[in-house]
Structures are given as C-alpha cells and as structure tokens.
Amino acid sequence: MERRRWRSRTAVTLSVAVGLTLGLGGCAADSGGPADITFHMSKPEAIPYFRELTKKFNAEQSDVRVTLDTASNLSAGFLRGNPPDVGLLNYNEEMARFMERGALSDLSDLPVAERIRPDVQELVDQYATYPGRTSVLPYSVAAASVIYNVELFEENGVDVPTTWDELIAACDTFEAAGITPIYSTFKEPWSVGQGLFDYTVGGSIDVAGFYDELDELGTEVGPDSDVSFEKTLKEPVERMVELAGYSNDNAASRSYGDGNVAMAKGEAAMYMQGPWALGEIAKTDPDLELGTFPLPVTDDPDDLKVRVNLDLALWVPEASTEKEAAKTFVSYLMEQDTLDEYNAEFLGFGTTVDAAPATDERILGMQEYYDDGRFYQGASKFVPLSIPTDNYIQSIATGADVDATLRRLDADWARLALRG
Amino acid sequence: MTTTASPAASTGRTAASADRAPTTTAPPTSGRSARRRQSVDRIYYLFLVPSLVLFTLAITVPALLGIFYSFTNFIGFGDWEFIGITNYIAVFSDPAILSSYLFTFGFAIVTVLLVNVVAFLLAVGLTAQIKAKTALRAVFVIPMVISGIVIAYVFNFLFSNSLPAFATAVGIGPLQESILANPDLAWISIVIVTAWQSIPGTLLIYIAGLLSIPGEVYEAAAIDGAKPFRQLWSVTLPLVAGYVVINVILGFKNYLNAYEVIVGLTNGGPGTSTRSIAMTIFTGFTGGDYAYQMANATIFFVIAIVISLIQLRITRGKAALA
C-alpha cells in the first residue's frame, strides 16, 4: 500500500524517465530469469558452511538465485512485511510467536516433510501451533546432557551414574578425592537455566505437559492451583540446589568462557553444557577425552532423558513473494546427504527417519536416548522472554529461597496471562 | 514550561535554563512575532527546520506511537486490539518493575552525590597553584573518552578476577568473593564504574566554574581573615552554585537512564537485583512485551518530566541567590 502510494506520487512529481525505469523494473521481474530469494542463516559457526552450500546451489541451476543474509533483524523484517524468503535458525518460544500468528507458510506439501521424525516434528508444536499447517521443518537437533571427563571418571573408579543416588555417590567420591565434581558458571544466568535447571526438571517431570497445563490455567496459576512452578517444580529445583552445592567455590563469579577453559584443563569432572561447549573446550585441549550422559534425577534408570532443542529449523514466511523458489531451495537444503554432513560437522542429531547416526565419541552417549525419543525441550525455554526466568534460577542456584522464587514465577506467569 | 519564557524569569536565568531556551522560547514567539517580524531574518527559521523535522520524526512521532500502543496488546507485529488501561494496572502491581524503579532511583541518588563530591574536590585541587596542573587535568579526563560498555567489561574482569585474587593475597575477607556475584553488593560496583566514567565530565564543568570566579573576591575574603576552608565554604561554593545545579540535574537524568554500564557489569543480575528501568523497558522488545513496556516507559516519561520541572524551579531559586 505504502509503496504504491509513493510510486504514484513519484510518477506525478518526477520526470517521465523515472516512471519508465520503475515500469521496466517491474516487467523484468515478471518475465522469466532467475527468481531472487534471500536466505537468512545467522548461526555464527555455521555461516561458512551455508555460504559454500548457497554458492554450490547457485552454480548448479539457473532458476533460483539465493542470497545469504546473516545479519538482518528478523522481527523488523516481519514487521515491515519484508522477511527473508527462507529462514534457517534456532527454533524457540520467540520464533513460535511468528508462527502462532500465521506469519509462516505451509510446507506440508514438500516430500521432505514426510521424512521428518514425528516425535521431532512434535517439538515444534510444543511451543505453539497454527491450525492445518506444517510451518516449520526441523533441520538439526542439539542434544545436551552432562559432559564428563572420561579420564577423571576412570581414575576414580566412577561409572556413569544412572540413578540419583549413584550421582550423589559419584559427587562425594570426587569431592573426597579433592576434585571439583561439577563445574558451574553461575555468573551467566542462561548457563544455569539450560544446564542444572533444565536437566533436573526435564529428568523428573513431563515438561511440555506441565506447560500445557500452565497455559490452560493462565491467570489461575498461583498458590491455589494444582499445577504451578511452586508445587510442580519444587522437588526438582531442590535437587538442583543440592547439585549446585557440589560446584566449584567461585561458581558465582565464573562465566561460560571460564568454564570451558577449566573443563579443558581437567579442573572438574562434570559440566552441565550442550554440544556447543565441546568445540570451545577443544580449542584449549583438542585431545581431551569427553563423554556425555543424561543427568539422573530419579531412582529409575528408565526416567533418563536428554535435553534437546531445535538448533536449526527451516521456514518460509507467508509474506515471501517467491514461495515456489524458496521451496526449491528448502528441498535442496533438506537433501539427506546435506543434512548428514551438517550434523556430523556441528555435532547435531538428524531430524529425519533415515538420518545417519552420530559418529563423534563425545555425543555418542546420547544417541540411544535420542533414537528412542526419550528427550524433552528445556523447561527454562518455555517461559516467555519477558519473564526473567534464567535470572530467577540463577538467584536460586546462588542461595535465594526456592519457594519464594518459584512463587514469584507463578505470579509473573499469571500477570502475563492477564495482559496477554 | 511557558513561564520560563517570561521576561522576569529570563533575567535571572542560569546556564541550565539557558540551555533549554531554544525549545522553551519557541512557542511564545508567535505572540511577539508581529512586533519583531521586520527585524528577524527568515533564514533563522530555516535553521530550525532540519532539527525540528528530525526531532519530530525521530523522537516525537515514535514517542506518541509508543504511548498509543501502551493502550493495546501489540507485541511488535501482527494483530492487536485496545485493552484500555490494563497494562498500566499490571505495571503498578508488578514487583519486577517496582524493584527496578527502587534500584534505579537509589543508584542515581548515590551516584550523583558521589560524583559531585569527588569531582568538586578534584576541581578545587586542579585549579589551585599545583605543579603539572595541565598534565593532571588531561589524565583525569581520559575515562570520558572511553566507551561505557568497554569500561564496564574491563571492570567486570577486575571485579571478578583481579580484586578477589588481590583480596585473597592480602587477606581481606569480605572481598575475596566477587562483589558482582553478591546480590546485596553488586550495585556498588555499578556506582563505582559509573562514577569513574562520569567524574571527568562533571570535573570539567566545575573547573570552568572555578576559573570564572575573579581573584579579587578571594583577596577580599583573605583580608577579612577567612581561612582556606572558610573561603571554600562561603565564597567558592555560593559562586559555583549554578554549576552544582547543572551537574546534579544532568547527572541525575543520565543515571536514571543507566543501561550500558549495567549490561557490561552485571546484566541486571545476580538474579534481578540490578535491573534498571531502561533495561526493564528494553525487555519489551526482546520479550514480545512491547505494549506493556510502553506503558512502563510512558510512566517513566511522566516521572522524568515531573523531576525536570521540579529541578528547573529549584534552579531558578538558586540562580536568584547567586
């Protein structure tokens, strides 16, 4: 609308030549030639990979020309009605807001959509859904669990724990041997949220189900509701506090970077971080032997689960003017070899039924859980960003009252529901 | 606002209100324009046009839009509807927002006091007849030219690593843990860094003020038998009163908007203990809480205007004294 008005005014006030140029420009776009599309991908470490891939795609065919965009502000793009034609990025609560309001188009007619594992596709719907559409295609899953120093475990005769009691026993063994059991970086709230908190909560309750009930309760969430942060999460969070006690003494002033270096130097046995930390640790010590195991929070080994997130997911905005071209490129990106190659390089897990298994020793410990669908999305990620969840969790980990802080989360949740 | 433009007030105007003159005197000119039309060249109005247009487009329009959206449930894009004053009611019952106001005002008051006391004493020292005066002044001004976020990250490292290491070596118990990690003490680190960064600017204004005092008044005071401290109290301070007011007003206004130093030091933590109002408002953009935080911003805007008006009034009183 805005543009059209501007154009007509220009035609009147400016010379005919300008009007002609605009007209010709319009014709050129309609009559054949390659369709130009923008591809948004801003995961920093993966940019070179997708730059190569885009180049290859552009060279192989002449119908679609893809431009890689690694920097634009997505919200602003959607707001102006000018989003990228294809997006490939982390899928989270924030992205779900676009989907929920119908900003992403339906991709269910693509053959690749059939190949996605239903339990992985289900992860998308846990945040929000749009009726009758497959708006988002999971591209790569990052599975996170406890990273452990294999040598320290072997030296101290500790096996990978599968129950809460074994975990506590392992911590005590390390402590007695003068080794820090868990390296924590409480200075950065997100690291507490995605680590200790998500692992203890995800290991004890059905995270997605819990938030479904909270959503339904809305403004009713509080001291009197059957389901609430205070009631439902009390036990897991108290276990989290117990584990936090096994951390390095200076945890409160350590950052994520400090933690990676400390783990690389073998200063602690366990580290609550995702696969992204493995690459960072390797920068300091590429030969360190590390493994992963799901954090046991109950006494039943069958409860073991790993934390996952949709590290990369594909979508095509409804506002795209080149949807067909965009889908062609999406199909190219979703070719099985491309997917497998990406996951092998970036320690991801495949999202399709015929995905190749992980090969990296460090994440092999999570493969069986992932294959069996024993996973959850982090509890800290379900809360809208306007509630400072990670900060609350950080203060619990560093000594704040569990009940009072969880009550505050309940109150925030109800307040948000009131004005939402 | 309009009273500022009255002739009576303008005679006793200090530098602070003179600073505001271009905006405050603009509206009444229409009343006087008939008398003055011939003597004022049109070109002066043309000079105003670019800044007027930019100000309207970049400040006034977005501000009005923000106020408009504060009565809706707009989340930044997509559909929205009017929800009346629901956002405002929610703001007043939100402990996170109330605590951010408490923190920000407490922080601003403490910082204003600290900055002005230190800067004034430094200025007195640096305008006295001491050696290497110019070189020292240059040294003290250095923090002013470094970006706030850089300073904050440097101090973040100092507070997290160097200070605890030093305290452990020397044996100062309470400082052996990073003060950034202590919810009760983290605000002190923000005061220190903000003061370190803003003392130079305040110092420069004080130096200018002290240099503007003629030497004769000190001679007269000395002849009357006033000792240096008495001179400072009874001669220097009253004569730089206007400068004190400028520094307090500008400083207070800046500290209420505290953002980058906090982001670099504590990012609002530990927990939510050092979240400033500006940081809370900004979560509206990242957290899809746009309309709600616009309501918060509108309230903050009104408070800021009230404070400005009170300060302007005090300024005029002070100026009459001087």
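These numbers come from a predicted model, not from an experiment. Position labels on residues start from 1 in each chain and follow its written sequence. For this description, chains carry letters from A and ligands carry numbers from 1, given in the order in which they are written. Only residues with pLDDT of at least 70 are given local features in this predicted model, and only at 80 or more are side-chain atom pairs given and counted; all residues enter the totals for whole chains, interfaces and linings. Note that the side-chain values use all heavy atoms of the structure and ignore hydrogens as well as water.

**Some points on the overall build of chain A**
- Broken down by element type, chain A carries 21 helices and nine strands.
- The cut-offs for exposure are 20% and 50% of the maximum accessible area for each residue type, with area from a 1.4 Å probe on protein chains only; residues under the lower value are buried, those over the upper are exposed, and the others partly exposed. For chain A, the residues scored as buried account for 54% of the 420 residues in total. Helix and strand definitions here come from DSSP, where helices need a minimum of 4 consecutive H or I residues and strands a minimum of 2 consecutive E residues; each element is numbered from the N-terminal end.

**Focus: the interface of chain B and chain A**
- By the convention used here, residues are in contact when the closest approach between their heavy atoms is within 4.5 Å. Of the residues lining the interface, 32 residues belong to chain B; the matching set on chain A comes to 22 residues.
- Taken together, both faces of the contact between chain B and chain A bury some 2300 Å²; the carbon and sulfur share is 52%.
- A pair is scored as a salt bridge if a Lys or Arg side-chain nitrogen falls within 4 Å of a carboxyl oxygen belonging to Asp or Glu. Seen at the junction of chain B and chain A, the total is one salt bridge.
- B:Asp94 serves as the salt-bridge partner of A:Arg415, at 3.9 Å between the closest nitrogen and oxygen.
- The term polar contact refers here to a pair of N or O atoms within 3.5 Å; inside protein, the definition further demands a hydrogen-donor-capable atom paired with an acceptor-capable atom, and it admits residues adjacent in sequence only when both atoms are side-chain atoms. Linking chain B with chain A are eight residue pairs in polar contact (both at pLDDT 80 or more), by the criterion used here.
- Elements with a minimum of two residues in the side of chain B that touches chain A: helix H5 (86-92), helix H6 (95-127) and helix H8 (148-170) of chain B.
- Basically, the charged four are Asp, Glu, Lys and Arg, the nonpolar ten are Ala, Val, Leu, Ile, Met, Phe, Trp, Tyr, Cys and Pro, and anything else, Gly included, counts as polar. A class-by-class count of the residues in the side of chain B that touches chain A yields ten nonpolar, 18 polar and four charged. A 1.4 Å probe defines the accessible area here, and the buried area is the portion of it lost by two parts on being joined, summed over both.

**Focus: empty space enclosed by the protein**
- For cavity detection a 1 Å grid was placed over the protein atoms alone, and a set of points counts as a cavity when a 1.4 Å probe fits there but cannot get out; an open set counts as a pocket when protein lies on both sides within 12 Å along at least five of seven lines, with lining residues being those that have an atom within 4 Å of a point. Grid points are joined across faces, edges and corners, and a volume is the space filled by probe spheres set on the points. Summed over all chains, the structure comprises four cavities of 30 Å³ or more.
- Taken as a whole, the largest cavity holds about 130 Å³ of empty space.
- Taken together, 17 residues line the largest cavity, and the ones lying closest to its centre are A:Ser386, A:Ile387, A:Arg419, B:Asp94 and B:Tyr292.
- When contributions to the lining of the largest cavity are tallied by element, the ones reaching two or more residues are helix H21 (402-419) of chain A together with H6, helix H14 (277-286) and helix H15 (290-321) of chain B.
- Take the lining of the largest cavity: its biggest share by element is four residues, from H21(A).
- Residues belonging to the lining of the largest cavity are distributed by class as follows: seven nonpolar, four polar and six charged.
- Reported here for the second largest cavity is a volume of approximately 80 Å³.

**Regarding the side chain of A:Asp85**
All names here are of chain A.
- In this structure, Asp 85 sits in the loop between helix H4 (74-79) and strand E3 (86-91).
- Lys and Arg are tallied as positive, Asp and Glu as negative. Neither His nor the chain termini are counted. Buried charge without a partner: Asp 85 forms no salt bridge, and the closest opposite charge is Lys 323, 8.6 Å away.
- In this structure the side chain of Asp 85 is engaged in a polar contact, spanning 2.9 Å, whose partner is the backbone nitrogen of Thr 38.
- Side chain to side chain, Asp 85 and Ser 320 meet in a polar contact 2.7 Å long.
- When neighbours within four sequence positions are excluded, Asp 85 is seen to be in contact with Asp 36, Ile 37, Thr 38, Trp 315, Val 316, Pro 317, Ser 320, Thr 321, Glu 322 and Ala 326.

**Observations concerning the pattern of salt bridges**
All names here are of chain A.
- On inspection of all chains with the given rule, the structure shows 17 salt bridges over all chains.
- The shortest N-O distance in the salt bridge between Glu 318 and Arg 133 comes to 3.5 Å. Linking Glu 318 in the loop between strand E8 (306-315) and helix H16 (323-333) with Arg 133 in the loop between helix H7 (118-127) and strand E4 (137-149), this pair joins segments that are 185 residues apart in sequence.
- For Glu 238, the salt bridge identified is with Lys 234, shortest N-O distance 3.2 Å. One end of the pair is Glu 238 and the other is Lys 234, both in helix H13 (residues 234-244) and four residues apart, which spans about a single turn.

**Examining the packing of helix H9 (residues 164-176) of chain A against H13(A)**
Residue and element names in this part refer to chain A.
- Lines fitted to C-alpha atoms define the axes here, with helix axes fitted over just the stretch in contact, and angles between the N-to-C directions of these axes take values from 0 to 180 degrees. Following both chains from N to C, one finds H9 and H13 inclined at 20 degrees, their axes separated by 11 Å at the closest point. Considering their axes alone, H9 and H13 lie roughly parallel with respect to each other. Crossing angle aside, the handedness with which H9 passes H13 is left-handed. Residue-level contacts link Trp 164, Leu 167, Ile 168 and Cys 171 of H9 to Arg 239, Glu 242 and Leu 243 of H13.
- Residues of the contact of H9 with H13, tallied by class, amount to five nonpolar, no polar and two charged. In these notes the angle categories are as follows: under 35 degrees is roughly parallel, over 145 is roughly antiparallel, 65 to 115 is roughly perpendicular, and the rest is oblique. For any helix crossing, the convention is left-handed if the near helix is rotated counterclockwise from the far helix by under a right angle, and right-handed if that rotation is clockwise.

**A short note on helix H14 (residues 256-264) of chain A**
Residues and elements named next belong to chain A.
- The set of residues buried in H14 consists of Tyr 256, Gly 259, Asn 260, Ala 262, Met 263 and Ala 264.
- On its buried face, H14 sits against E4, strand E5 (180-183), helix H10 (189-204), strand E6 (268-273) and helix H15 (276-284).
- Gly 266 sits one or two residues past H14 and shows a positive phi near 70 degrees.

**Looking at the UniProt feature "transmembrane region" (unreviewed entry) in chain B**
Residues and elements named next belong to chain B.
- Mapped onto the present numbering, the UniProt feature "transmembrane region" (unreviewed entry) falls at residues 43-71, 101-126, 138-159, 185-211, 232-252 and 290-310.
- Structurally, residues 185-211 comprises 96% helix and 0% strand, and the distance from its first C-alpha atom to its last is 38 Å.
- Segment residues 232-252 splits into 95% helix and 0% strand. End C-alpha atoms: 24 Å apart. UniProt positions are given in the numbering used here, feature names are shortened, and annotations may be inferred rather than shown by experiment.

**Details of the side chain of A:Thr292**
Residue and element names in this part refer to chain A.
- Mapping Thr 292 onto the fold places it in strand E7 (residues 290-293).
- The exposure class assigned to Thr 292 is buried, which follows from its relative accessible area of 8%.
- A distance of 2.7 Å separates the side chain of Thr 292 from the backbone oxygen of Arg 362, its partner in a polar contact.
- When near neighbours in sequence (up to four residues on either side) are disregarded, Thr 292 contacts Ser 145, Val 146, Ile 147, Tyr 148, Arg 362, Ile 363, Gly 365 and Met 366.

**With respect to the environment of B:Asn156**
- Within the element layout of this structure, B:Asn156 appears in helix H8.
- With a relative accessible area of 10%, B:Asn156 lands in the buried category.
- Expressed as a C-alpha distance, the spacing of B:Asn156 and B:Gly264, which sit 108 residues apart in the sequence, is 7.1 Å.
- Sequence-distant contacts of B:Asn156, defined by excluding residues within four places in its chain, comprise A:Lys187, B:Leu180, B:Gly264 and B:Leu265.
- Within polar-contact distance, the side chain of B:Asn156 engages the backbone oxygen of B:Leu265 at 3.4 Å.

**Side note on the packing of aromatic side chains**
Residue and element names in this part refer to chain A.
- Working definition: rings of Phe, Tyr and Trp (its six-membered ring) pair if their centres are within 6.5 Å, and the pair is stacked with planes under 30 degrees apart, edge-to-face with planes over 60 apart, and tilted otherwise. One pass over the structure, following the stated rule, counts 47 aromatic pairs over all chains.
- Measuring from ring centre to ring centre gives 4.3 Å for Phe 78 and Phe 98, while their planes differ by 25 degrees; the resulting arrangement is stacked. In this pair, Phe 78 is assigned in helix H4 and Phe 98 in helix H5 (residues 93-100), connecting sequence segments 20 residues apart.
- Take Phe 98: its relative accessible area is 2%, and that puts it in the buried class.
- Relative to Tyr 127, the ring of Tyr 91 lies with its centre 6.2 Å away and its plane at 50 degrees, an arrangement referred to as tilted. Placement of the pair is Tyr 91 in strand E3 and Tyr 127 in helix H7, with a sequence separation of 36 residues. With respect to class, Tyr 91 is no different from Tyr 127; both count as buried.

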